[in-house]
Amino acid sequence: MAVRVLIVDAKPARSQRLESALREAGFDVLMTVDETDDLSARMEAQEPDAVIVDADLPSRDTLENLGQLGRRYPKPVIMLAENEVPDMARDAARAGVSAYVVDGVAPSVIRSLVDVAIGHFQAHHQLRNELKRTQQTLAERKAVDRAKCLLMERHGVGEEAAYGRLRKIAMDRRLSLSAVARELLDDGR
Amino acid sequence: MGSDGDDSQPGPHGVEIERRRVTVGYVPLADCAPLAVAQRLGFFQSEGLEVSLSAEPSWANIRDKIQLGQLDAAQMLAPMPLAASLGIDGRATPMLTALTLNLNGNGITVAHPLYERMQALAPGSLAQSPVSAEALAAVIADRRARAEPPLRLATVYPFSTHAYQLRYWLSAASIDPDRDVCLRVVPPPLMATHLRAGWIDGYCVGEPWNSAAVVGGDGRTLITSHELWANGQEKVLGVTAAWAERHPNTHRALIRALLSACQWLDQSANRAAVARILSEGAYVDVSASVLERSLTGAFAYAPGEPVTQVDDLLVFHRYAANFPWRSHTLWYASQMARWGHLPAGVDLSAAVQQAVRPDLFREAAAEVGLLCPDEDMKLEGEHDAPWSLETAGGVIAMGPDRFFDGTRFDPWQPHEYLARLPVSSARASAG
């Protein structure tokens, strides 16, 4: 029978992708709950075999308590006795994901569950960083364009000359083009 | 956390600090103040340390990261080093504490509908001070007679000061915490929301979350932990035994820095400033005005009620607060045994001896000329009022250490104490 997984995550975009990846890997995803839900009640109603939780959420401690209550509740993977667990737990902690699993789930199954989760949490981090970089590049380009216009107006020169001026200041002061542009725009305010 | 590499440098006390850059974990609560203050006011720096503080959302994160070596040291709940050493909290990892960060700071708060029912059934018991759980016992009996589901009460972690304080308070009124109520864990910042939603009926949590619930109109505090067990141990600085062994000088430097921070914190004129440091520095995501109530002891038990000045709501330094009394942790250990949380055959005193290290504290305290108790244990519940502790070096002014029900804990005879307790679930495991 497929391992029944509950996800605790407050980022819907990520948890939706994680849900489908887990299903593809043969897991049965019961539901995703976030911080606005009554996790204890959900756990009692759903009785999952495993829980994947965003380690940035304080709800982990709710799961810790359930894990102490007896065999029907999942326990933190760090408590499992297998030798490879510290590595798995370390990788998971680095990726910001925690896993809880009931007794009796095969170690290889736990490994694949945790690996899928780690993969998705890392992919989400990367995606977010890329998005941040793209937004930053766009903002920088816009600043340079606006600084160019400012110089064109102020000195009555053409676009190319304005750009040359901007570049010269940047080179003289060992600053990036966008830093000089932002300074000019701030001064011009 | 940096590598162990060329990190070592002589510190201000002339001894080499094995590891200058250390990462210390904390949970965003009012009593993370010693760590925030040590960082903000440069106490870590004056000890030659470069500390980065890591805010952790859960105690489970603190435990994992310490056990995996991703944190050097961390603020912990007093029972945590012992629970981890015994292998009941995470992987069996010998851990220890040589510094108590604060005393007191918790409270038991209930939802208004529950309070109204308590008042209807047992108004007399609510008029007593400190409030006992007798009115709650009356509600529990009434609910049982009407076949209503058990009350749901929350704490913050299975091996928490809060859980053992709540259990103690309940059982003094003959309420069996494992049978008569449903005990849950809810993260502190979510407590008030859960109370408002009716998902829980009450909780035991640390400041600022009782004050926040009262200010927000969500609940009513019945008793503070200071009333429950005066000047009981709350948070400690925890490290693994292996880390302490490899970095004895770094450990002592951390303790010295935090001692300076705690000393500064217990000058009452500084408490309002601390509230601002915690709020504006984003150490705790709560308004400075609510944090100021917790830190200055301007405590209100119920919405709209006048503020009571509770000077010892949070104690960071006075009354030898930072000294890691083995009797403090042994009391928690006795409660762990009482509720069947310890593996069979554990020698309580020996386990506490390894997990709580007043000897290491004394070494650090001697370097800053701080007076220390000569003994590692004291009778708990012996003093109803302030008292004086004689030591070889002089007298230390101590605060009361009474339990609300007037019982006394003799740490030299934990098993006799256990045998006398009214409710307990697993005497067999007290071994």
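Please refer to the structure higher up on the page.
Residues numbered from 1 in each chain as written. Chains lettered and ligands numbered in written order. Predicted model: local features only at pLDDT ≥ 70, side-chain atom pairs only at ≥ 80, totals over all residues.

Novice: I'd like to hear about the overall build of chain A, residue by residue, with values.
Specialist: Secondary structure assignment for chain A yields seven helices and five strands. Counted from the first residue to the last, chain A has its helices and strands arranged as β-α-β-α-β-α-β-α-β-α-α-α. What you see for chain A is a C-alpha radius of gyration of 25 Å, clearly larger than the 16 Å of a compact globule of 189 residues, by over 25%. Counting only C-alpha atoms and orienting by the principal axes, one finds that chain A spans roughly 80 × 35 × 30 Å. Taking as baseline every contact in chain A between residues at least 6 positions apart, the subset at least 24 positions apart corresponds to 61%. (Helix = DSSP H or I, 4+ residues; strand = E, 2+ residues; numbered from the N terminus. Rg over C-alpha atoms; globule rule 2.2 N^0.38 Å. Contact = placed C-beta atoms within 7 Å.)

Novice: How would you sum up the sheet that holds strand 5 (residues 97-101) of chain A? Please name residues and give values.
Specialist: Residue and element names in this part refer to chain A. Spatially, five strands are ordered 2-1-3-5-4 in an open sheet, and the strand pairing comes out mixed. This sheet does not close on itself; its edge strands, each paired only once, are strand 2 (28-33) and strand 4 (75-76). Looking at chain direction, strand 1 (residues 4-8) and strand 2 are connected through five bridges and run parallel. Looking at the pairing, Val8 lines up with Val33 of strand 2. Packed on one face of the sheet, helix 1 (residues 12-24) meets strand 1 and strand 2 and runs near 165° to strand 2. (Pairing = 2+ DSSP bridges. Axes fitted to C-alpha atoms, helices over the stretch in contact; angles between N-to-C directions.)

Novice: Can you explain the interface of chain B and chain A? Please cite residues and give values.
Specialist: Facing 22 residues of chain B, the contacting portion of chain A comprises 22 residues. Contributions of two or more residues to the side of chain B that touches chain A are made by helix 3 (59-67) and strand 9 (182-185) of chain B. Grouping the constituent residues of the side of chain B that touches chain A by class yields 13 nonpolar, five polar and four charged. (Nonpolar A, V, L, I, M, F, W, Y, C, P; charged D, E, K, R; others polar.)

Novice: Tell me about helix 7 (residues 134-145) of chain B, and please be specific about residues and values.
Specialist: It helps to recall that an α-helix has 3.6 residues per turn; residues three or four apart then point in one direction. With twelve residues, helix 7 of chain B extends 17 Å from end C-alpha to end C-alpha; this agrees with the ideal 16 Å at 1.5 Å per step. Listed in full, the buried residues belonging to helix 7 of chain B are Ala135(B), Leu136(B), Ala137(B), Val139(B) and Ile140(B). (Expected span 1.5 Å × (residues − 1). Buried ≥ 20, exposed ≤ 12 C-beta atoms within 10 Å, placed from the backbone.)

Novice: Explain the sheet that holds strand 9 of chain B to me, using residue names and the numbers behind them.
Specialist: All names here are of chain B. Strand order across the open sheet formed by five strands is 9-8-10-7-11, with mixed pairing between neighbours. Looking at which strands have only one partner, the edges of the open sheet turn out to be strand 9 and strand 11 (220-224). Here the average twist between neighbouring strands, direction ignored, is 25°. Strand direction decides the pairing type here: strand 8 (residues 152-155) and strand 9, joined by four bridges, are parallel. Within strand 9, the position partnered with Ala154 by the bridge is Arg184.

Bear in mind that shape data such as this cannot, by itself, settle questions of function.
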